[in-house]
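Examining the three-dimensional arrangement
Residue-level listing of the chains:
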Amino acid sequence: MKKTSLFAFVLTLFLSFRAAASDDLYMYIWAEYIPNGVLKEFTKETGIKVHASTFDNLDDMYAKIKITNGRGYDLVMASIEYISLMKRQNMLEKLDKSALPELKNIDGQYLNLPYDPDNAYTVPFTLGTSTFAVNADKVDVSKLQKLEDLGRPEFKRRLILLNDMRAVLGMGLRMNDFSVNDKNEKHLQQAFESLKEKILPNVKAYDTEATVQALLNGEADIVMTWNGLAYAAMRENPHIVEVRFKEGTNFWIDSFAMLKNAQNKQNALKFLNFIMRPDIAKKIYKEHAYTSPSRAVRDALPPQVRDNKTLYPPASTYQDILFENDISEVLPLYEKYWLKLKSFHYE
């Protein structure tokens, strides 16, 4: 037996065994998305102990769920394309809506979207944009109008991009006036070439969670990041500003879904309902300042936060061409060009 096959067998066996307890809940989520205090409160109310494993990129999340066939976890957090892919591969369980009365608190504009009609499989948790945070004390922001401006020689090795396939390839697609959901291989190749020639020489690193910290520490002057992290950095350092390029930005939703092989489905439903309660949604937002799909959260925010264009972009931002929809049928093509991009190193 190959080592990889043996590893998969042992991991599956272990995860299947650990998930059997009826007073437990196992989830696989983005790091730092749910405060420990919220998890402890859920346990105190229900007696259900939450075991949260974290990932820092969606490719790793999907690979682990795929190799174990979803065994060992009850809930997973994923973006639109991976939700669509796992649904098509019969890896997800339909949600019992009668157990989710708090779904009424989710803003209707984030429900019943094309990737999951009637939210049969998902509960939106957070949403936002991939954007750029810039230290205006070191960078002349007026020189950043188009995405190709990131390739200006004065920014060499001062740029950090997200370790996120859709966000980065989306840049290349937008640079060529293509949709961020384009499925044409020639267009993807063109996006790859544009990034390689115009942007990559200035890229210092790809990262997800540490991009903003690098900006605050002076290790970079321009970072691609999530709007929630950009907002937090702007509050910490008044010289940091958000820059949106004329080509637009990607808009995404991270949702919870229940795995088909979940061993604790009732516990999972209880948790989903719990986090949609207005009092709990507000506690989550207090520590996780991303755009919340909860009406109760937004209504309770002070005007300067509720009307902040970084956290809550104007409606004109939500154009179909920029919304990250399902591209799972051509996901291997995206992965091909993503790997090629990350294999390039410039001195």
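Residues numbered from 1 in each chain as written. Predicted model: local features only at pLDDT ≥ 70, side-chain atom pairs only at ≥ 80, totals over all residues. Heavy atoms only, no water.

Section: the overall build of the protein chain
Looking only at helices and strands, the protein chain has 13 helices and 10 strands in total. Against the globule reference of 20 Å for 347 residues, the protein chain gives a C-alpha radius of gyration of 20 Å, in line with a compact fold. Counting across all 347 residues of the protein chain, residues that qualify as buried make up 54%. A separation of at least 24 residues holds for 79% of the contacts in the protein chain among residues at least 6 apart in sequence. As displayed, the protein chain offers around 15400 Å² of accessible surface, 50% of which is attributable to carbon and sulfur atoms. (Helix = DSSP H or I, 4+ residues; strand = E, 2+ residues; numbered from the N terminus. Rg over C-alpha atoms; globule rule 2.2 N^0.38 Å. Buried < 20%, exposed > 50% of the residue type's maximum accessible area, 1.4 Å probe, protein only. Contact = heavy atoms within 4.5 Å. Areas by Shrake-Rupley, 256 points an atom, 1.4 Å probe, with all protein chains shown as cover.)

So, the nonpolar core
Counting 109 residues, the largest nonpolar core has Met-61 and Phe-256 as its most contacted members. Within the second largest apolar cluster, 8 residues are counted, among which are Tyr-285, Val-305, Leu-311 and Tyr-312. (Core = buried A, V, L, I, M, F, W, Y, C linked by side-chain atoms within 4.5 Å.)

Here's the deal with the environment of Arg-306
Looking at where Arg-306 falls in the secondary structure, it is placed in helix α12 (residues 303-306). Looking at Arg-306, the relative accessible area reads 25%, which means it is partly exposed. Along the backbone, Arg-306 and Lys-265 are 41 residues apart, and their C-alpha atoms lie at a distance of 35 Å. Apart from residues no more than four positions distant in its own chain, Arg-306 is found in contact with Arg-298, Asp-299, Leu-301 and Tyr-312.

Some remarks on unusual backbone geometry
Positive phi outside glycine occurs at Arg-157, with the angle close to 60°. By secondary structure assignment, the location of Arg-157 is in the loop between β5 (122-135) and β6 (159-162).

What to know about the confidence of the model for the protein chain
Here the protein chain averages 89 in pLDDT, while 91% of its residues score no lower than 70. Scored below 50 in pLDDT, residues 1-9 makes 3 contacts in the model with residues more than four places away or belonging to other chains. (pLDDT = per-residue confidence, 0-100.)

Thoughts on the pattern of salt bridges
Across all of its chains, the model carries 16 salt bridges by this definition. Residue Glu-329 is joined to Lys-183 by a salt bridge in which the shortest nitrogen-to-oxygen separation is 3.1 Å. On the criterion of sequence distance, the pair formed by Glu-329 in the loop between α12 and α13 (331-342) and Lys-183 in the loop between α5 (165-175) and α6 (185-198) is long-range, its members being 146 residues apart. According to the relative accessible area criterion, Glu-329 is exposed, its value standing at 57%. A relative accessible area of 38% means that Lys-183 is categorised as partly exposed. Residue Arg-244 pairs with Glu-242 through a salt bridge whose shortest N-O separation is 3.0 Å. (Salt bridge = Lys/Arg side-chain N within 4 Å of Asp/Glu carboxyl O.)

Overview of the layout of surface pockets
Volume-wise, the largest pocket comes out at about 630 Å³. Taken together, 36 residues make up the lining of the largest pocket; nearest its centre are Trp-30, Ala-31, Tyr-33, Glu-209 and His-288. Grouping the constituent residues of the lining of the largest pocket by class yields 18 nonpolar, 7 polar and 11 charged. (1 Å grid on protein atoms, 1.4 Å probe; cavity = no way out; pocket = protein on both sides within 12 Å on 5 of 7 lines; lining within 4 Å. Points joined across faces, edges and corners; volume = space filled by probe spheres on them. Nonpolar A, V, L, I, M, F, W, Y, C, P; charged D, E, K, R; others polar.)

Observations concerning a negative patch on the surface
Taken together, Glu-32, Asp-56, Asp-60 and Glu-209 make up a surface patch of like negative charges. When you line up the elements, Asp-56 lands in the loop between β2 (49-55) and α3 (58-68). For Asp-56, a relative accessible area of 40% gives the class partly exposed. (Patch = residues over 30% accessible without salt bridge, like charges linked within 9 Å, V, L, I, M, F, W, Y side chains within 5 Å. Lys, Arg positive; Asp, Glu negative; His and termini not counted. Charge placed at Lys NZ, Arg CZ, Asp CG, Glu CD.)

So, empty space enclosed by the protein
Going through the model one piece at a time under the given rule, you end up with 2 cavities of 30 Å³ or more. Its volume calculated, the largest cavity comes out at about 160 Å³. Sorting the residues of the lining of the largest cavity by element identifies β5, α9 (265-276) and α10 (278-287) as the ones contributing at least two each. Along the lines of polarity and charge, the residues of the lining of the largest cavity split into 10 nonpolar, 5 polar and no charged. For the lining of the second largest cavity, the element with the highest residue contribution is β5, accounting for 3 residues.

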